[in-house]
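Listed below are the residues making up each chain.
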Amino acid sequence: MGKHRTIEEQELNLVPIMNLVTMLIPFLLFSAQFIEYAIIDSTLPAISNDPGPGPVTPPTETLTLMVIISEKGFTITGAEAVLDPEDTVTGPIIACKGGQCTSPDRFDFKQLTKRLARVKDRYPKHEDLVLIPAPWIPYEVIVLTMDATREDRDQRDAEQRARLLFPNVVIAASLE
Amino acid sequence: MAGLIKKKRRTFGQQGVQITSMMDMMTIILVFLLKSFSTEAVTVQASSDLQLPVSSALKVPKVAVNVVVTRTELLVDGELVLTLEAAKDEVTGGPSYRFPAAAKRDNKVMPLFERLVQKAETAKAIGAKTGSDEFGFKGQVLLQCDKRLPYSVIRDVMFTAGQAQFGEFRFVVIKGS
């Protein structure tokens, strides 16, 4: 009579896999990115030798849209154009909340976007804007202003993309 | 009689380490880290003096000359160029920062200007030798600035870079919601 062979079940050896995982984890930890970065493009106006990308679309009507950031708040001006002929009440200045522009959260970015959306309704082909901050304005306010002038997130198209306002920003020399 | 009753001896055999649960945990951590793996053109040194502003911008950073302006230092491609000095904000009266007057000439920050001119010449030489536009000089600068810096500091950096033929600026920000 033949011997009855019993096949013993071998247990899976997880030790080499553990070695591999233990070595991979520190490597992946070093290259993990938990914060995402983005960039905002800008050029210098006529100061640098490089003329930069220039306006995207040739304007049919002349408009040099400028946003001045100062202790009064935002001042919207446009050379050679009347920006908002129906607006005779609020004027070109968007004051800070509480009347004092002492911190970034005092600036009224929503109102700035709304006013620029009206300008965009009148000049739909223009995409350029000149930003003129005062010397003491914190960099954070400048970035938030560029966000407010780039797009209107309250107006979206059928594909849920925010309405583009003035994405080409040029930062000019500040007021002294 | 009692001696005849043999007591069963308990043998304490070696028990293998239970690593199945540890494997489960490691696998989940590995999958999570694989998802977060990224090779980006921008590396930001974590520092209390460099807090980038949050923005709704979506453009992905690309490789360019890296200029970092913290509250205390100015670095170009990781090398210290100049130290900023503390000042008092004339309007708000709070703490502010500026470049030392001795480092400026005709509104240019001279140590930064010299370093950027060097970078521009190196890039042009590489572009000429390779004959390819891809490696040529493009005049682009990646600017990482602390959000608390006054615009006067940023303006000086931009003006100096413009004089050194770097006319295109890419402000690095943290992607917000």
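For the structure itself, look to the data block above.
As the structure is a computational prediction, the values presented were derived from the model and not from experiment.

What counts as what
- Each chain has its residues counted from 1, running along the sequence as written.
- Ligands are numbered from 1 and chains lettered from A, in the order in which they are written.
- Thresholds applied to this predicted model are a pLDDT of at least 70 for local features of residues and 80 or more for the giving and counting of side-chain atom pairs; totals over whole chains, interfaces and linings are not thresholded and use all residues.
- Side-chain numbers come from the whole structure's heavy atoms, not from hydrogens or water.
- For this analysis, residues touch if any pair of their heavy atoms sits within 4.5 Å.
- The salt bridge definition used is simple: a Lys or Arg side-chain nitrogen within 4 Å of an Asp or Glu carboxyl oxygen.
- N or O atoms closer than or at 3.5 Å make up a polar contact, with two conditions inside protein: a donor-capable atom paired with an acceptor-capable one, and, for residues adjacent in sequence, both atoms drawn from side chains.
- In this description a helix means any DSSP run of H or I spanning at least four residues, a strand means any run of E spanning at least two, and both kinds are numbered starting from the N terminus.
- Nonpolar residues are Ala, Val, Leu, Ile, Met, Phe, Trp, Tyr, Cys and Pro. Charged residues are Asp, Glu, Lys and Arg, and all others, Gly as well, are polar.
- Here, a strand pair is defined by DSSP locating no fewer than two bridges between the strands.
- To define axes, lines are fitted to C-alpha atoms, for helices over the stretch in contact only, and angles between the resulting N-to-C directions are given on a 0 to 180 degree scale.
- An angle below 35 degrees is treated as roughly parallel, one above 145 as roughly antiparallel, one from 65 to 115 as roughly perpendicular, and anything else as oblique.
- It is the rotation of the near helix from the far one that decides the hand of a crossing: anticlockwise by less than a right angle makes it left-handed, clockwise makes it right-handed.
- Partly exposed describes any residue whose relative accessible area lies between the buried limit of under 20% and the exposed limit of over 50%, with all areas from a 1.4 Å probe on protein chains only and scaled to the type maximum.

(A) Quick look at the interface of chain B and chain A. Between chain B and chain A, the contact holds 55 residues from the first and 50 residues from the second. The interface formed by chain B and chain A includes 3 salt bridges. The closest approach of N and O atoms between Asp41(A) and Lys59(B), which form a salt bridge, is 2.8 Å. Applying the counting rule to chain B against chain A returns 16 residue pairs in polar contact (both at pLDDT 80 or more). Of all elements in the fold, only helix 1 (20-36), strand 1 (54-55), strand 9 (140-145), helix 3 (151-163) and strand 10 (168-175) of chain B reach the threshold of two or more residues within the side of chain B that touches chain A. Among the elements that line the side of chain B that touches chain A, the one with the most residues is helix 1 of chain B, at 10 residues. Across the side of chain B that touches chain A, the residue classes tally to 33 nonpolar, 12 polar and 10 charged. In terms of strand pairing, strand 1 (residues 37-43) of chain A meets strand 10 of chain B through 7 bridges, oriented antiparallel. Residue Thr43(A) lies in a different strand from strand 10 of chain B, and its bridge partner there is Glu168(B).

(B) Structural detail: the environment of Leu33(B). Mapped onto the elements of the fold, Leu33(B) is located in helix 1. Setting aside residues no more than four positions away along its own chain, Leu33(B) makes contact with Ile25(A), Leu28(A), Leu29(A), Ala32(A) and Phe34(A).

(C) Summary view of the packing of helix 2 (residues 110-130) of chain B against helix 3 of chain B. Residue and element names in this part refer to chain B. Viewed as axis vectors pointing N to C, helix 2 and helix 3 meet at an angle of 40 degrees, and their least axial separation amounts to 9 Å. It follows that helix 2 is oblique to helix 3 by the angle criterion. For the crossing formed where helix 2 meets helix 3, the hand is right-handed. Across the interface between the two elements, Leu 112, Phe 113 and Leu 116 of helix 2 pack against Val 157, Thr 160, Ala 161 and Gln 163 of helix 3. The residue inventory of the contact of helix 2 with helix 3, partitioned by class, reads 5 nonpolar, 2 polar and no charged.

(D) Expanded view of the environment of Ala87(B). Residues and elements named next belong to chain B. Position of Ala 87 among the secondary structure elements: in strand 5 (residues 85-88). Remark: the alpha-carbon pair of Ala 87 and Tyr 97, spanning 10 residues in sequence, is separated by 5.1 Å. With near-sequence residues (within four places) excluded, Ala 87 lies in contact with Gly 94, Pro 95, Ser 96, Tyr 97 and Arg 98.

(E) Local environment of the pairing of strand 9 of chain B. Residues and elements named next belong to chain B. Counting buried residues along strand 9, 6 of its 6 residues qualify, which places the element largely inside the surrounding structure. Covered by surrounding structure in strand 9 are Gln 140, Leu 142 and Gln 144 together with Val 141, Leu 143 and Cys 145, the residues of both alternating faces. Bridge analysis of strand 2 (residues 65-69) against strand 9 gives 5 bridges, and the strand direction is parallel. Bridge pairing in strand 9 places Val 69 opposite Cys 145. Note that strand 9 and strand 10 share 4 bridges and pair parallel. The residue of strand 10 that forms the bridge with Leu 142 is Arg 170.

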